[in-house]
Amino acid sequence: MRLLGLPQRALGDYGSWLGRHPYKVFSVTVFVYSLLCLGWIHVGYKARNSLDKREAEVIWGVSGSEYEPQMKAVLEKWKFASQKAWGTDVHLNLWMGKGERYGTDILKQDVIAEAWTLFKTYFDIVVTTSTGKTYTSHDLCARGTMPDDPSNPVKYPCLMISVFDCFREWEETLDPIYARDFDRNPNLTWIAHYHTRPSLSTVTDAEVKKLNSQGCEWWLPGVKWASESYLGGRNWTADKKNLTAASSSIAMFFTEGPRRAAFRLSLTNPELACEWEIEEAVQLQSREWSDMVDRFNEKSKLVEVALVRAGAIKDLEDLHTRPPWFLMISGSIALYLYLCFSLASWHAPLQSRVNLGVQGLGVAGFATLAAGGLYMMLGKRLNPPILAGVPFLALGLGVNDMLILSRGFSELGLEFIKEKSNSDIIGAVLSRAGVGVTLTSLCNVLSFGMATTLPIIAMSDFCLCVALDSTTNYIAMMTMFPCCLMLEAYRIKKRLPDPSICTVACHRRVLEGGQDASGPASYIEERFLEFLGDKVAPRLGSWTGGIISLIVCLVAIGASVPLIVNQQVGFSVHELIPPELSMHRAMKFYFNEFSLFPSYLVYHGVEKPLDVPNNQAEMMKIYEKVCDTNFTVAGIGHYLTSFYNHVDGVEKSSLIPAPAGVPQGFADKGIVKPDRFFELFNNWRKFPLLDPRSAFQDATFSSADLAATNEFKYNEDGSIDLSFTMFYISGPQSDA
């Protein structure tokens, strides 16, 4: 018994001491917490340093694993380096039947014709940047590396993948000069003409299906978009030769990398050849296209379009790093109202605790600010989980402890509070309620503290933030809040009204009448407690009640088993996006309807530099193995294959037979001698960025750029530090 009473006695003794020295304890705590709050200075001007700016791949990756150095290499040597300047982006336009038509066949003339009324207007977009520069969609789209020629300012077709490539109407989107002098010139056999293709206005539904069964050809002969790249929910005939239906389609409109677009415009429109202006123009075009899609959806009858616009993923990442101010403010108001209605007593002024609850809310908020300052002092920064969860969790933990202490205070009774000193009152409260507060806080600190060892940065930082808040909240509740209880005891002894806006007027009338109360403190609580004590408890304590409770628990456990077994581990991507955003619906459609997702096989050195010349065969072998599975599909080919084709035309003597095991089609002409590799490779990829006119004399660089060599990371001596090649991961959907 003595051991069981030790915590209560210790906390009671501490409370008695605190009751004798409230000002000293309160002042010291406020002073220390105020110093901790200075940690918020680290956020900088306009909170520019408040957020953890590391990429999601880093903070959600497994620290200390082999994944970490690989991802850091990709981010530092590619994403943060050359990809931003050279990499293309894409508008993913997903379209399907509208309303009740969702899931029905879209390979029908009238359905495609209605969709065409929207997509052909993409090239009508003209945007003006903040400095007054005007760009068209042809200026911003991905359409190759060669600079526009002032003497022949033709603009070749943009890289776009869609069902509309099958039809003559796509000619309407072409540059007028290209349409007149190239597409309609029958003598040009090196292009695939659009004006000779079937017209959407006259084609039948059966012809639509036949055309798309074969895929749609681009403007370059031999380049054909397979139906699986732009059609979802495909149904085929038994011999898998002809489509019978498709429930959705995707139109991919690619935007150019800023540096490549600037190079392309440098001769015909040098005033537009500014990378940061092009970045702004792409953002403006993206927003304008999004608005056009929204307006189309309001009026369309057969088709609904869901858009994941270029730059949308970056916007989504930014959205998740914004504090949820509306939820935080509305949550605080809701919590205040809850305290008002749960702690207020309009008939019994001396038993009303609204003002005490508001003071406790302030103490919890102050503790949270101090915890945040300490977190910043430790060199940490805020991340999306912290912004989304910690403010609400912190207030909840603080208010919970406050309510326990407030309840313990009220249970002392008015006579005890009126007759006893502050030392006796606080000692009794902490002896009665302090153990509960201590145990819950200790559990929070230990559990979240142990979770800080998780190897996932986002979660470990979140848990550290909660552990710090639990600690500062406990200290605040055991030092500052007892001082609030003393103020409440003083009010009771002086028979003063509860100074809350929702109670003060009623209390004054009651107290001016010479009464402590004009009715029970709570009509609901007393009756509810009486019901629990007189009706519920005896029945639950009986043998019958126990058996019934056991049966209910067993049934509940049994019912949960199939729910747990059938529950899928993981999440759907669209669940990360607020439902009110159009991208939420677009991502849901994309992952439900389509099965190809671009991925990259990255080659780089971690512990030692990457030796490409002596590992050419191994690089191609691993790429072939990655692509030779049931869930992967090869991309446009390996960049080394393109390089070998170039060397075959300029210095065939530098090619040697490929070693055994190199897949057929990768190095049929041989691989490059290691001692000649980088000289030839750097000559091939040499980009005339400072002399665009020289591109018309030697366009060798364009094939290297098509293989994405400008996005690779190179060492000072010209050797390759990081390279990659693309492939596709095939999703769970299959053709029917």
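Residues numbered from 1 in each chain as written. Predicted model: local features only at pLDDT ≥ 70, side-chain atom pairs only at ≥ 80, totals over all residues. Heavy atoms only, no water.

Visitor: How should I be thinking about the packing of aromatic side chains in this particular structure?
Guide: Counted under the stated rule, the structure contains 45 aromatic pairs. Aromatic side chains Phe119 and Trp289 sit 6.2 Å apart centroid to centroid with 45 degrees between the ring planes, which places their arrangement in the tilted category. Linking Phe119 in helix H6 (residues 109–119) with Trp289 in helix H11 (residues 275–299), this pair joins segments that are 170 residues apart in sequence. A residue is classified by how much of its surface remains accessible, and Trp289, at 0% relative accessible area, is buried. Here Phe643 and Phe677 contribute two aromatic rings whose centre-to-centre distance is 5.1 Å and whose plane-to-plane angle is 70 degrees, an arrangement assigned as edge-to-face. Placement of Phe643 in helix H25 (residues 639–650) and of Phe677 in helix H26 (residues 677–685) is noted, with a sequence separation of 34 residues between them. A relative accessible area of 0% means that Phe643 is categorised as buried. When its relative accessible area of 0% is taken as the criterion, Phe677 is described as buried. Pairwise contacts between aromatic rings join Trp78, Tyr600, Tyr639, Phe643, Tyr644, Phe677, Phe678, Phe681, Trp684, Phe712, Tyr714 and Phe724 into one cluster. Across the ring face of Tyr194, the terminal group of Arg197 is positioned such that the distance to the ring centre comes to 4.0 Å. (Phe/Tyr/Trp six-rings, centres within 6.5 Å; stacked < 30°, edge-to-face > 60°. Helix = DSSP H or I, 4+ residues; strand = E, 2+ residues; numbered from the N terminus. Buried < 20%, exposed > 50% of the residue type's maximum accessible area, 1.4 Å probe, protein only. Lys NZ or Arg CZ within 6 Å of the ring centre and 35° of its normal.)

Visitor: What should I look at first to understand the state of the cysteines in this one?
Guide: Put plainly, two cysteines are in a disulfide when a covalent bond ties their sulfur atoms together. Inspection of every chain in the model, using the stated rule, returns two disulfides. Across the disulfide from Cys141 sits Cys158; the S-S distance is 1.9 Å. Across the S-S bond linking Cys141 and Cys158, the dihedral sits near -60 degrees, which makes this disulfide left-handed. Of the two residues, Cys141 is situated in the loop between helix H7 (137–140) and strand S4 (160–161) and Cys158 in the loop between H7 and S4; the sequence distance between them amounts to 17 residues. Taking only the cysteines that form disulfides and numbering them from first to last, the chain has the pattern 1-2, 3-4. Looking at the unpaired Cys502, the closest cysteine sulfur is the one in Cys340, lying at 4.1 Å. When its relative accessible area of 26% is taken as the criterion, Cys502 is described as partly exposed. (Disulfide = S-S within 2.5 Å.)

Visitor: Is there a simple way to think about a nonpolar patch on the surface in this case?
Guide: A surface patch of nonpolar side chains, about 670 Å² in accessible area, is lined by Val28, Phe31, Val32, Leu35, Leu38, Ile41 and Met377. By residue number, the principal contributor to the nonpolar patch is helix H2 (residues 22–37), which donates four residues. As for its placement among the helices and strands, Met377 is situated in helix H14 (residues 354–377). (Patch = residues over 30% accessible without salt bridge, like charges linked within 9 Å, V, L, I, M, F, W, Y side chains within 5 Å. Areas by Shrake-Rupley, 256 points an atom, 1.4 Å probe, with all protein chains shown as cover. Salt bridge = Lys/Arg side-chain N within 4 Å of Asp/Glu carboxyl O.)

Visitor: It is not clear to me how the environment of Phe263 should be interpreted in this structure. Could you clarify?
Guide: Along the chain, Phe263 turns up in helix H10 (residues 258–265). For the pair formed by Phe263 and Glu275, sequence separation is 12 residues and the distance between their alpha carbons is 9.2 Å. In this view, Phe263 contacts Thr145, Pro147, Phe687, Pro688, Leu689, Pro692, Ala695 and Phe701; residues no more than four positions away in its chain are not counted. (Contact = heavy atoms within 4.5 Å.)

Visitor: Please explain the side chain of Asp105 as it appears in this structure.
Guide: With respect to the helices and strands, Asp105 occurs in the loop between strand S1 (89–97) and H6. Setting aside residues up to four positions removed in sequence, Asp105 forms contacts with Lys209, Thr244, Ala245 and Ala246.

Visitor: I would appreciate a short explanation of the nonpolar core in the present structure.
Guide: Ranked by size, the top nonpolar core spans 82 residues in total, and within it Leu94, Trp95, Phe119 and Trp289 carry the most contacts. In contact with Phe119, not counting residues within four places along its chain, are Asn93, Trp95, Phe164, Ala251, Phe253, Trp289 and Val305. The next biggest cluster of nonpolar side chains, apart from the first, holds 43 residues, and it includes Leu11, Ala367, Ala433 and Ile492. (Core = buried A, V, L, I, M, F, W, Y, C linked by side-chain atoms within 4.5 Å.)

Visitor: In this structure, what is going on with unusual backbone geometry? I would like to understand it.
Guide: Excluding glycine, residues mostly have negative phi values, and the peptide bonds linking residues are mostly trans. Its identity as a non-glycine residue notwithstanding, Ala47 has a phi of 60 degrees, on the positive side. Tracing the chain through its elements places Ala47 in the loop between H2 and helix H3 (56–59). Phi at Arg495 is positive, roughly 55 degrees, even though this residue is not glycine. Judged by relative accessible area, Arg495 falls into the partly exposed class, the value being 31%.

Visitor: What's the story with the pattern of salt bridges in this structure? I'm lost.
Guide: For the coordinates displayed, the defined rule picks out 27 salt bridges. The closest approach of N and O atoms between Asp139 and Lys155, which form a salt bridge, is 3.2 Å. With a gap of 16 residues between them, Asp139 in helix H7 and Lys155 in the loop between H7 and S4 connect regions that are remote in the sequence. For Lys155, a relative accessible area of 17% puts it in the buried group. Residue Arg295 is joined to Glu288 by a salt bridge in which the shortest nitrogen-to-oxygen separation is 3.6 Å. Since its relative accessible area comes to 43%, Arg295 is described here as partly exposed. Using a relative accessible area of 30% as the deciding quantity, one classes Glu288 as partly exposed. Among the charged side chains, a salt-bridge network with shared partners connects Glu256, Arg260, Arg264 and Asp705.

Visitor: Would you mind showing me how to read the packing of H14 against helix H19 (residues 481–493) here?
Guide: The angle between the axes and the distance between the axes are what describe a pair of packed helices. At their nearest, the axes of H14 and H19 sit 10 Å apart, and the two run at 160 degrees to each other. Considering the angle they form, H14 stands roughly antiparallel to H19. Here H14 runs over H19; the crossing is right-handed. Listed contacts from H19 to Leu356, Gln359, Gly360 and Val363 of H14 are Phe481, Cys484, Leu485, Leu487 and Glu488. (Axes fitted to C-alpha atoms, helices over the stretch in contact; angles between N-to-C directions. Parallel < 35°, antiparallel > 145°, perpendicular 65-115°, else oblique. Left-handed = near helix turned anticlockwise from the far one by under 90°.)

Visitor: I tried to follow the pairing of strand S8 (residues 243–255) on my own but got confused; where do I start?
Guide: Regular strands place side chains that alternate from one sheet face to the opposite one. Across the 13 residues of S8, 12 count as buried, placing the element largely inside the fold. Bridge analysis of S1 against S8 gives eight bridges, and the strand direction is antiparallel. Paired with Leu92 across the bridge in S8 is Met252. Where S4 meets S8, two bridges bridge the pair, whose relative direction is antiparallel. Bridged to Ile161 within S8 is Met252. Pairing of strand S7 (residues 231–236) with S8 involves five bridges; the strand directions are antiparallel. If you follow Gly232 over to S8, its bridge partner there is Ser248. Counting the residues in the hairpin turn of S7 and S8 gives six residues, including Lys240, whose phi is positive at 60 degrees. (Pairing = 2+ DSSP bridges.)

Visitor: What exactly am I supposed to notice about the packing of helix H13 (residues 325–343) against helix H15 (residues 384–410) here?
Guide: In the contact formed by H13 and H15, the axes pass within 11 Å of each other and the chain directions differ by 15 degrees. One element, H13, and the other, H15, form an angle in the roughly parallel class. In this structure, H13 meets H15 at a crossing whose hand is right-handed. Taking contact as the criterion, the partners of Leu327, Met328, Ser332, Leu335, Tyr338, Leu339 and Leu343 in H13 are, on H15, Pro391, Phe392, Leu395, Val399, Met402 and Leu403. A per-class count over the contact of H13 with H15 returns 12 nonpolar, one polar and no charged. (Nonpolar A, V, L, I, M, F, W, Y, C, P; charged D, E, K, R; others polar.)

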